[in-house]
Structures are given as structure tokens and as C-alpha cells.
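Residues per chain, in single letters:
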Amino acid sequence: MQDLGPVAWPPEPIRTERLVLREPAPRDRAAFIELHASPEVHTYLGGPRPRDELEREMPGAPQRWPGNLVVDLDGSMIGQILLRRATGHRRPAAVGKADLGYLFLPRAWGSGYAAEACAAALGWLAGALPGEPVVLTTQSANLASMRLAAELGFTEVERFEAWGAEQWLGMRFPVTPFG
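In this text, all values refer to a predicted model and were calculated from it rather than measured experimentally.

A. Layout of the overall build of the protein chain. The helix and strand tally for the protein chain stands at four helices and eight strands. Going from the N terminus to the C terminus, the protein chain shows its helices and strands as β-β-α-α-β-β-β-α-β-α-β-β. Whereas a compact globule of 179 residues would reach a radius of gyration of roughly 16 Å, the protein chain reaches 16 Å, a difference of no more than 12%. Dimensions of the protein chain, computed from C-alpha atoms along their principal axes, come out at roughly 50 × 40 × 30 Å. The buried share of the protein chain, reckoned over its 179 residues, is 48%. The contacts of the protein chain with a sequence gap of at least 6 include a subset with a gap of at least 24, amounting to 63%. If you sum the accessible surface of the protein chain, you get close to 9,300 Å²; carbon and sulfur atoms cover 54% of it. Across the protein chain, the centroid of the 18 positively charged side chains sits 2 Å from that of the 21 negatively charged ones.

B. The environment of Trp 168, seen in detail. As for its placement among the helices and strands, Trp 168 is situated in strand β8 (residues 165–172). Look at Trp 168 and you get buried, because its relative accessible area is 5%. When the C-alpha atoms of Trp 168 and Val 157 are compared, they prove to be 7.9 Å apart, with 11 residues separating the residues in sequence. With near-sequence residues (within four places) excluded, Trp 168 lies in contact with Leu 136, Thr 137, Thr 138, Ser 140, Met 146, Ala 149, Phe 154, Thr 155, Glu 156, Glu 158 and Arg 159. One polar contact links Trp 168 to Glu 156, side chain to side chain, over a distance of 3.1 Å.

C. Up close: helix α1 (residues 29–37). Counted residue by residue, α1 has seven buried out of nine residues, so it is predominantly covered. Buried within α1 are the following residues: Arg 29, Ala 31, Phe 32, Ile 33, Leu 35, His 36 and Ala 37. Residues of α1 that are buried in the fold lie against α2 (51–57), β3 (68–73), β4 (76–85) and β5 (98–104).

D. Broad picture of the sheet that holds strand β1 (residues 14–15). Within the open sheet, the eight strands sit side by side as β1-β2-β3-β4-β5-β6-β8-β7. Their pairing is mixed. Across the chains shown, the open sheet's two edge strands, defined by having one partner strand only, are β1 and β7 (155–162). Bridge count between β3 and β4: six bridges; the pairing is antiparallel. Considered in β4, the bridge of Val 70 is made with Gln 80. Where α1 meets the sheet, it contacts β3, β4 and β5, and its direction lies at approximately 70 degrees from that of β4.

E. The side chain of Ser 140, seen in detail. Tracing the chain through its elements places Ser 140 in the loop between β6 (134–139) and α4 (143–151). The contact partners of Ser 140, leaving out residues within four places of it in the chain, are Met 146, Arg 159, Glu 166, Gln 167 and Trp 168.

F. Up close: the environment of His 42. When you line up the elements, His 42 lands in the loop between α1 and α2. Setting aside residues up to four positions removed in sequence, His 42 forms contacts with Leu 35, His 36, Gly 47 and Pro 48. In this structure the side chain of His 42 is engaged in a polar contact, spanning 3.2 Å, whose partner is the backbone oxygen of Leu 35.

G. Up close: the side chain of Gln 167. With respect to the helices and strands, the residue Gln 167 is situated in strand β8. What makes Gln 167 buried here is its relative accessible area of 5%. Here Ala 162 takes part through its backbone oxygen, which lies 3.1 Å from a polar atom of the side chain of Gln 167.

Calculation rules
- Residues numbered from 1 in each chain as written.
- Predicted model: local features only at pLDDT ≥ 70, side-chain atom pairs only at ≥ 80, totals over all residues.
- Heavy atoms only, no water.
- Helix = DSSP H or I, 4+ residues; strand = E, 2+ residues; numbered from the N terminus.
- Rg over C-alpha atoms; globule rule 2.2 N^0.38 Å.
- Buried < 20%, exposed > 50% of the residue type's maximum accessible area, 1.4 Å probe, protein only.
- Contact = heavy atoms within 4.5 Å.
- Areas by Shrake-Rupley, 256 points an atom, 1.4 Å probe, with all protein chains shown as cover.
- Lys, Arg positive; Asp, Glu negative; His and termini not counted.
- Charge placed at Lys NZ, Arg CZ, Asp CG, Glu CD.
- Polar contact = N/O pair within 3.5 Å; in protein donor to acceptor, adjacent residues only side chain to side chain.
- Pairing = 2+ DSSP bridges.
- Axes fitted to C-alpha atoms, helices over the stretch in contact; angles between N-to-C directions.

In C-alpha cells:
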């Protein structure tokens with residue numbers, strides 16, 4: 001995966017009714033470790049990373065790189081949005097497209113934060129790269145992620161086998177005005 005290309009990064013913080021999407025900050029380190037060490041978060045992602053390994057490898061401040069946004073609720077990180085270019089994707093239909101990924105801490109599940117944050121990120125992307133289709137890949141067993149993809153306007157392109165499980169590839173096509 002690569003950054004999105006000719007997009008000014010980082011964007012100004014993206015604000016929703018309840019959330020702020022922003023660049024990572026030093027105060028987010030513990031939440032990043034919790035997110036990537038969580039067995040619940042990584043159920044459909046090949047399993048968590050060992051906490052001690054994350055503690056050793058993660059710098060004092062989480063890495064800032066284009067496409068990486070913290071989802072902030074009341075000053076605390078509850079998740080992460082990833083917007084990258086799918087250059088090395090396993091499926092030809094996705095190669096070169098913008099790719100949306102997201103991870104949320106279990107305590108943030110069930111409150112609509114993922115839908116709110118992803119919709120805001122997609123809205124920003126539509127303004128930054130008009131006409132850009134976006135792909136999303138999730139394990140088909142991840143029913144919550146499948147529901148979210150549908151809610152966000154992704155439609156199934158194909159299913160494929162990878163990482164020991166069936167994967168779902170969806171695409172969100174840009175809205176074009178009539179006339």
C-alpha cells in the first residue's frame with residue numbers, strides 16, 4: 001500500500017457530530033498498542049500482535065504517515081482510519097484504487113462511531129480526489145464489517161480466498177451528477 005498521491009497531508013482535522021479525525025499524537029501511543037494487541041479487534045485480521053513486541057517497536061509517538069488518521073472521541077483515541085492506495089492488492093479489480101481500512105477499540109463498538117468516522121473520511125476523500133473509486137476488503141465472516149460496508153455504499157465485486165479465509169472485496173463508486 002502507498003499513500004494517496006497528490007493529496008495535501010495531513011488534512012485539517014475532520015470533524016463530525018461526535019468525533020474528530022486527526023493525525024496521530026504522542027498521547028495516542030497506549031491506544032495504538034491496545035488496538036493492535038487486542039484479540040477482539042484482530043479476530044478477522046490474522047490475530048493480534050504481542051503487546052511486549054508492540055511496546056518495544058512502537059516509537060514514543062505513533063508514526064505519522066499519509067493515510068493514517070486517529071478517530072478521537074472527547075480527546076481520546078478510539079480507533080484508526082486508513083486511506084491508502086492499493087498498489088499491491090491481491091485482486092486486480094482493486095489495484096491502484098483508494099483503499100479504506102478501519103480499526104476500533106472494542107469499547108467503541110456498537111455506538112455507530114465506525115460508520116460516522118468512515119463516512120467522514122470518505123467525504124473528505126471525495127473532495128480531495130473527486131471521481132475516485134474506493135475499495136474495502138474484509139473477511140466475509142466479519143458480519144459487522146460487511147454491514148458497515150453496505151451502509152457506506154460499497155457493493156460486492158468479488159470474494160476470494162486469502163490469509164486462510166474467504167475475503168470480500170467491495171467497491172464504492174463515485175457519485176456523478178446527472179446532466
